[in-house]
Amino acid sequence: MSTPITPQLVKQLRDRTDQPMGLCKQALEQSGGDIDKAIEWLRAQNAKMGVKREGSETAEGRIGLFYDNTQRIAAIVEVRCETAPSAKSDPFIALVNDLARHIASSQAADVPALLAERYDARGTVQDRLNDTIGVIREKMVIHRFARLQGGIYGGYVHFDGTVGTLVECQGSGPNDELLRDVAAHITAMNPPYRTPSDVPAEVIEKEKALIRAEIEADPKNAGKPANILDKIAEGKLKTRLAELVLSEQTMANAQKYPNLTVSAALKRAGLELTRFVRYKVGAISLV
């Protein structure tokens, strides 16, 4: 026997799914007033919505991250959608944060495997994604993610959600404020390398060649002894590497960390940066 479709029942379904009232009423009508069946019906419609919008461009999005220094796990994810207002909406922000939390404990190696994983008792990660697609009515995709484990973690996401960084350290223990500041520095400065040893030999040779050309072209260096020119070149190379290498950069928050490089600030706290992942919506990540 069907349950009467009352406004209270429609509101109850609406509160559980955040779907439009008219669609909730239709779902209950299709399901004989059974809320659980109505939720399944809505999920089927949301999946169809995703397929229908398959060709739509997802140029906007948001970065989410999660870390747990008790379990020594962390994750960062980029989720894309169609429009900037949707990327800033509460349902989309909640989706991205939920996915980051799930990924931190996931075993999935890639996006297809992640989507097929069980998210909760109600369904898969794909179902969780479809739920938000049904609310916002746009195509959404998990574009990429990274999962880290075994370290000490911190992170930062810019206020607009379009760029964020997850950092991994080894050392004495968590320092949320410092690691957030280091992650914010990476987010702002986008260094391509972590330490000088990470810089490829060909990059260093290219920089040396450019420096030699600059020194030779400067009239002030005419007639200077070779050992002096070598010292000038060495100083210039150190300056160039500081622009490229995170560990050699001065902390962006100079008031909080006066004259401290990133590596020095971490060392003072008994930490060493072992890895970072910086995601920007639409850009290539650095690990």
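Residues numbered from 1 in each chain as written. Predicted model: local features only at pLDDT ≥ 70, side-chain atom pairs only at ≥ 80, totals over all residues. Heavy atoms only, no water.

Caption draft 1: A look at the packing of aromatic side chains. This model, assessed by the stated rule, comprises zero aromatic pairs. For Arg144, the ring lying beneath its charged end belongs to Tyr279, and the centroid distance is 4.1 Å. (Phe/Tyr/Trp six-rings, centres within 6.5 Å; stacked < 30°, edge-to-face > 60°. Lys NZ or Arg CZ within 6 Å of the ring centre and 35° of its normal.)

Caption draft 2: Quick look at unusual backbone geometry. Located in the positive-phi region is Arg137, a residue other than glycine, with phi close to 65 degrees. Among the structural elements, Arg137 can be located in the loop between helix 7 (125-136) and strand 5 (141-149). In this structure Arg137 comes out as partly exposed when scored by relative accessible area, which is 33%. The phi angle at Asn259 is positive, at roughly 60 degrees, despite the residue not being glycine. (Helix = DSSP H or I, 4+ residues; strand = E, 2+ residues; numbered from the N terminus. Buried < 20%, exposed > 50% of the residue type's maximum accessible area, 1.4 Å probe, protein only.)

Caption draft 3: Fine view of helix 10 (residues 226-244). The end-to-end C-alpha distance of helix 10, which contains 19 residues, comes to 27 Å, matching closely the 27 Å that a straight helix rising 1.5 Å per residue would cover. Taken as a whole, helix 10 has its buried residues at Leu237, Arg240 and Leu241. The buried residues of helix 10 occupy an angular sector of 95 degrees when projected down its axis, which confines them to one face. Relative to its buried face, helix 10 has exposed residues pointing more than 90 degrees away, namely Lys231, Lys238 and Glu243. Tucked inside the fold, the buried residues of helix 10 contact helix 9 (201-217). (Expected span 1.5 Å × (residues − 1). Arc of directions from axis to C-beta. Contact = heavy atoms within 4.5 Å.)

Caption draft 4: Region of interest: the sheet that holds strand 1 (residues 60-68). Taken in spatial order, the three strands of this open sheet run 1-2-5, and their pairing is antiparallel. On the outer flanks of this sheet lie strand 1 and strand 5, each paired with one strand and no other. Across the sheet, the axes of successive neighbouring strands diverge by a mean angle of 10 degrees, strand direction being ignored. The pairing of strand 1 with strand 2 (residues 73-81) spans nine bridges and is antiparallel. Following the sheet pairing, Tyr67 is matched in strand 2 by Ala74. (Pairing = 2+ DSSP bridges. Axes fitted to C-alpha atoms, helices over the stretch in contact; angles between N-to-C directions.)

Caption draft 5: How the structure looks around the sheet that holds strand 7 (residues 163-171). Reading across from one edge, 6-7-8 is the order of the three strands in this open sheet, with antiparallel pairing throughout. If you trace the sheet from one side to the other, it starts and ends with strand 6 (152-157) and strand 8 (271-280), each paired once. Averaged over all neighbouring strand pairs, the angle between strand axes comes to 15 degrees, with direction disregarded. Across the sheet, helix 8 (residues 176-189) is in contact with strand 6, strand 7 and strand 8; its angle to strand 6 comes to roughly 50 degrees.

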